[in-house]
Amino acid sequence: GVDLSDIDYHEINEAFSVVALANMKLLNLTPDKVNVYGGAVAIGHPIGMSGTRIIGNLCNVLKRNDAAIGCASICNGGGGASAIVIERMN
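Notes on the sheet that holds strand E3 (residues 80-87)
On the basis of which strands lie adjacent, the open sheet formed by three strands has the order E1-E2-E3 and mixed pairing. Each of the sheet's edge strands pairs with one partner strand only, and the pair in question is strand E1 (9-12) and E3. Each neighbouring strand pair of the sheet contributes to a mean axis angle of 15°, computed without reference to strand direction. As paired elements, E1 and strand E2 (residues 69-77) share four bridges and run parallel to each other. By the bridge assignment for E2, Glu 11 is matched with Ala 72. Relative to E2, helix H3 (residues 50-64) is tilted by about 165°, and along the sheet it contacts E1, E2 and E3.

The structure is reproduced here in structure tokens:
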């Protein structure tokens, strides 16, 4: 399995800034490991493409920082959420 401490970077899609901030507080994540190039509030989250954007950003962050494992998470609406853990292979 993968522990939280194994994850190098996180992409958290947010409709409101508080979403990323609350998750950082709850999971004890440092700001330098979350939404490295900006989140949806800063960059935008195109309708029907938010998941693609956060996974693309996460892949770029892992490559540029020579990191191995990242987690992308997104809300589904109605209180649900989904996440995916990605491992960069060399």
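Here's the deal with a nonpolar patch on the surface
Together, Leu 4, Leu 26 and Leu 27 give the surface a local cluster of nonpolar side chains, amounting to about 290 Å² of exposed area. Position of Leu 27 relative to the elements: it lies in helix H1 (residues 17-27).

What to know about the state of the cysteines
The final tally for this structure, using the stated rule, is zero disulfides. Cys 59 carries a free sulfur, and the closest cysteine sulfur to it, the one in Cys 71, is 12 Å from it.

So, the layout of surface pockets
As a volume, the largest pocket reaches approximately 250 Å³. What lines the largest pocket is a set of 15 residues, and nearest its centre among them are Ile 12, Asn 23, Ser 73, Ile 74 and Ala 81. When contributions to the lining of the largest pocket are tallied by element, the ones reaching two or more residues are E1, H1, E2 and E3. Of the residues forming the lining of the largest pocket, the biggest block, four residues, is contributed by E2.

So, the pattern of salt bridges
When the charged atoms of two side chains with opposite charge come close together, those side chains can pair. Per the counting criterion, the structure on display carries one salt bridge. The salt bridge partner of Asp 66 is Arg 88, with a shortest N-O separation of 3.2 Å. Residue Asp 66 is located in the loop between H3 and E2, and its partner Arg 88 is located in the segment after E3; the two are separated by 22 residues in the primary sequence. Judged by relative accessible area, Asp 66 falls into the exposed class, the value being 59%.

Rules used throughout
- Residues numbered from 1 in each chain as written.
- Predicted model: local features only at pLDDT ≥ 70, side-chain atom pairs only at ≥ 80, totals over all residues.
- Heavy atoms only, no water.
- Pairing = 2+ DSSP bridges.
- Helix = DSSP H or I, 4+ residues; strand = E, 2+ residues; numbered from the N terminus.
- Axes fitted to C-alpha atoms, helices over the stretch in contact; angles between N-to-C directions.
- Contact = heavy atoms within 4.5 Å.
- Patch = residues over 30% accessible without salt bridge, like charges linked within 9 Å, V, L, I, M, F, W, Y side chains within 5 Å.
- Areas by Shrake-Rupley, 256 points an atom, 1.4 Å probe, with all protein chains shown as cover.
- Salt bridge = Lys/Arg side-chain N within 4 Å of Asp/Glu carboxyl O.
- Disulfide = S-S within 2.5 Å.
- 1 Å grid on protein atoms, 1.4 Å probe; cavity = no way out; pocket = protein on both sides within 12 Å on 5 of 7 lines; lining within 4 Å.
- Points joined across faces, edges and corners; volume = space filled by probe spheres on them.
- Buried < 20%, exposed > 50% of the residue type's maximum accessible area, 1.4 Å probe, protein only.

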